[in-house]
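One-letter residues, chain by chain:
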Amino acid sequence: MEILGKDSIFTSMKQDDLFATGFLVPFTHPFSKEAKEWVRLYCSDQVNVTKYRAIRNQIFEFLDISGYEDIPLLIKNQKLRAIRHDRAIILLANMFGINGNTREIQNRLHEYARTANDVVSYLRSKILAPFSSHIETTNEIEVISDPLDLLLIIFDERYHKKARFEAKRKLTLMNLAGSIDQRERETDIENKFTGFLHFLNEYVWSSSMKIGELEIVYLISQHEMESFACTDVKVVDEKTMKALPPKPGQKITLIKRRRFSKGNREIPIYVTIRKKPPAAKVLKLLRKNEKNPAVAVDDELGLMAVLNTISDVQHFQQHLTQSALKINSFMTLEDISDTLTGRAYKSQNTGSSDKTQMLKFFARLGGMRVEFILHTNKSYLNYIYRRDVAHDEYEVKRIFDSGVAELLFPPDIYNLNLSEIRTLQLRRFRRQIEEL
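Residue numbers run consecutively from 1 along every chain, following the written order of its sequence. Two thresholds apply to this predicted model, a pLDDT of at least 70 for residue-level local features and 80 or more for giving and counting side-chain atom pairs, whereas whole-chain, interface and lining totals are computed over all residues. Each side-chain value is worked out from all heavy atoms of the structure, with water and hydrogens disregarded.

J.: Could you give an account of the overall build of the chain, with specific residues and numbers?
T.: Helix and strand assignments follow DSSP, with helices taken as H or I runs no shorter than four residues and strands as E runs no shorter than two, numbered in order from the N terminus. A tally of helices and strands in the chain yields 18 helices and eight strands. In terms of overall dimensions, the chain has C-alpha extents of about 80 × 50 × 40 Å along its principal axes. Burial classification: accessible surface area is computed with a 1.4 Å probe over protein chains only, and a residue below 20% of its type maximum counts as buried, one above 50% as exposed, and the rest as partly exposed. Out of the 436 residues belonging to the chain, those deemed buried represent 48%. Contacts in the chain between residues far apart in sequence, at least 24 positions, make up 71% of those at least 6 positions apart. Of the accessible surface of the chain, which amounts to about 22300 Å², a share of 50% is contributed by carbon and sulfur atoms. Only four residue types enter the charge count: Lys and Arg as positive, Asp and Glu as negative, with His and the chain ends excluded. A single reference atom marks each charge: NZ on Lys, CZ on Arg, CG on Asp, CD on Glu. Taken together, the 65 basic and 57 acidic charged side chains of the chain have centroids lying 2 Å from each other. Whether two residues touch is decided by their heavy atoms; if any such pair falls within 4.5 Å, the residues are in contact. To measure how exposed things are, a 1.4 Å probe is used in the Shrake-Rupley method; for residues, cover is taken only from the protein chains shown.

Put into structure tokens, the structure is as follows:
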């Protein structure tokens, strides 16, 4: 389902649908010309009528009012607003399963607001960096963390259209952040992450190296000019690297490697371990057009590893299975995808390339489900440098092609040509990849 399509579950955010934010606050008389035009545009479809009634009723219940005409009084009357605020805190705490006193609940809501801000900040700092000033959040909206205040701003005619849209957007992102936090507490993800690190240090990595000890090496790679695919790669130390003359199409990539034991061999391995941050999970929910993190976010814990050869990749996979037995746990592999040997990569993810090479699977062990992505040196270099495959390009494509960019930064509010920006950003990242 497309996030901008008819089946989008983020109807309240769409600027071409029922709840589009306009220059005027929607307080028109039910028999006015504007109201009749709105009904003509959107209410011929019974699904739209049902969506509207559901969201309208949620607004009335949350604000404890009987109709839109009660909202202006809440905006102006601080005493009434304070009463609704205290009630709203309790309602939200019960909805997200937050335990604690009022201050502790408010701290959680502050975290949700921070995550909502982080989503925009991430896009401003990387995917849309040259247009950071265009998409900067209105100061008044960025500092507010109270959901009731944000909701009332949507109906406050003193605020500009952009600010009212951003209040609505922040409420939506905070709601997703709350669902993610609830899911993390239910699955005990923090303790599982700690347990996963302990498992790796105690049973997977070689005892010949201290915890955190890393060997620095350089991958000297040669790339063809047309696709920038890696054609050759050598592993060298710093001294050798400095002595090599630079060549056209050459890249130098530093990696820091650990080791694991296989028989009498010590096999080097570069590893990056990931616990997906809340802002990244929110973006994934948006891309998937999903509000339930249990359905859309299946890669909370992850490990990406880079080894010298396909044989070493296979040895590491076997080593993981054997290491799991040391903690009295069987390890099963799920959703295996292996394209290291040349088969086309078939992914349902928007923006992904069929040229991507990796061994990807989920490992279920010790009460955890961990995503593993295993590379050879060559496939890893293609993953970061090859045209149409490089991860930086993939990030751009999935944000734009999924519709997330348009949902968060609608052109009628931010005056941006997102199609042109997508092309410009792909060129920009490609230039950075090949020239640095």
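J.: Go over the packing of helix α15 (residues 391-401) against helix α18 (residues 418-435), please, and point to the residues and values.
T.: Only the stretch in contact is used when fitting a helix axis, every axis being a line fitted to C-alpha atoms; angles between N-to-C directions are given from 0 to 180 degrees. Across the interface, α15 lies against α18 with an axial gap of 9 Å and an inter-helix angle of 170°. When the axes of α15 and α18 are compared, the pair comes out roughly antiparallel. On α18, the residues that touch D392, E393, V396, K397, F400 and D401 of α15 are L418, I421, R422, Q425, L426, F429 and R430. Asp, Glu, Lys and Arg are counted as charged, while Ala, Val, Leu, Ile, Met, Phe, Trp, Tyr, Cys and Pro are counted as nonpolar; the rest, among them Gly, fall into the polar class. Split into classes, the residues belonging to the contact of α15 with α18 amount to six nonpolar, one polar and six charged. Working definition: roughly parallel below 35 degrees, roughly antiparallel above 145 degrees, roughly perpendicular at 65 to 115 degrees, and oblique for all remaining angles.

J.: Summarise the nonpolar core; cite the residues concerned and give the values.
T.: Grouping buried Ala, Val, Leu, Ile, Met, Phe, Trp, Tyr and Cys residues that are joined through side-chain atoms within 4.5 Å yields what is termed a nonpolar core. If you look at the biggest cluster of nonpolar residues, it comprises 69 residues, and the most contacted ones within it are L63, L286 and L408. Not counting residues within four places of it along the chain, the set of residues in contact with L63 comprises I71, L74, R84, R87, L148, L151 and L152. Listed in part, the 29 residues of the second largest apolar core include F199, L301, L303 and L365.

J.: Would you mind going over the sheet that holds strand β1 (residues 215-223) in detail, with residue names and values included?
T.: The rule for pairing is simple: two strands pair if DSSP sees at least two bridges between them. Here we have eight strands laid out as an open sheet, ordered β2-β1-β3-β4-β5-β8-β7-β6, and mixed in their pairing. Looking at strand neighbours, the two that pair on one side only are β2 (230-236) and β6 (332-338), the edges of this open sheet. Each strand axis lies, on average, 35° off the axis of its neighbour in the sheet, ignoring direction. Looking at chain direction, β1 and strand β3 (residues 250-262) are connected through eight bridges and run antiparallel. The partner of I220 across the bridge, within β3, is I252.

J.: I'd love a proper account of the pattern of salt bridges, names of residues and values included.
T.: Salt bridge criterion: a side-chain nitrogen from Lys or Arg within 4 Å of a carboxyl oxygen from Asp or Glu. Per the counting criterion, the structure on display carries 24 salt bridges. Ionic pairing is found between E334 and R369, a salt bridge with its closest N-O pair at 2.8 Å. In this pair, E334 sits in strand β6 while R369 sits in strand β8 (residues 368-376), placing the two residues 35 residues apart along the sequence. Under the relative-accessibility criterion, E334 is labelled partly exposed at 21%. Across the salt bridge formed by K360 and E371, the nearest N and O atoms sit 3.5 Å from each other. Separated by eleven residues along the polypeptide, K360 in strand β7 (residues 359-365) and E371 in strand β8 bring together distant segments of the chain. With respect to burial, K360 and E371 carry one shared label: buried. One salt-bridge network, held together by shared partners, links R108, E111, D181 and R185.

J.: Can you lay out the environment of I310 for me, pointing to particular residues and giving the numbers?
T.: Residue position: I310 is located in helix α13 (residues 310-325). The spatial distance from the C-alpha of I310 to the C-alpha of T341 is 8.2 Å, given a sequence separation of 31 residues. Each residue touching I310, except ones within four places of it in the same chain, is listed here: L340, T341 and T376.

J.: Requested: an account of the environment of M95, with residues and values cited.
T.: Along the chain, M95 falls in helix α4 (residues 78-96). For the pair M95 and S179, spaced 84 residues apart in sequence, the C-alpha separation works out to 9.3 Å. Ignoring any residue separated from it by four or fewer positions in sequence, one finds M95 in contact with N175 and Q182.

J.: Can you lay out the packing of aromatic side chains for me, pointing to particular residues and giving the numbers?
T.: By convention, a stacked pair of Phe, Tyr or Trp rings (six-membered ring in the case of Trp) has centres within 6.5 Å and planes under 30 degrees apart, an edge-to-face pair has planes over 60 apart, and any other such pair is tilted. Throughout the structure, instances matching the rule amount to 13 aromatic pairs. Each ring, one from F165 and one from Y414, has its centre 6.4 Å from the other, and the planes form 75°; the classification is edge-to-face. Within this pair, whereas F165 is found in helix α8 (residues 161-187), its partner Y414 is found in helix α17 (residues 411-414), the two being separated by 249 residues in sequence. Of the two residues, F165 and Y414, both sit in the buried class. Seen from their ring centres, F409 and Y414 are 5.5 Å apart, and the 85° between their planes marks the pair as edge-to-face. For the pair shown, F409 and Y414 are each scored as buried. In our convention, an over-ring charge means Lys NZ or Arg CZ found within 6 Å of a ring centre and within 35 degrees of that ring's normal. Sitting over the face of the ring of F23, K161 holds its NZ or CZ atom 4.4 Å from the ring centroid. Above the plane of the ring of F362 lies R369, whose end atom (NZ or CZ) is 4.0 Å from the centre.

J.: An account of the environment of A116 is needed here, citing residue identities and associated values.
T.: As for its placement among the helices and strands, A116 is situated in helix α5 (residues 102-125). A relative accessible area of 2% places A116 in the buried class. Between the alpha carbons of A116 and L173 there is a distance of 5.1 Å; along the sequence they are 57 residues apart. Among all residues touching A116, those that are not within four sequence positions of it are K170, L173 and M174.

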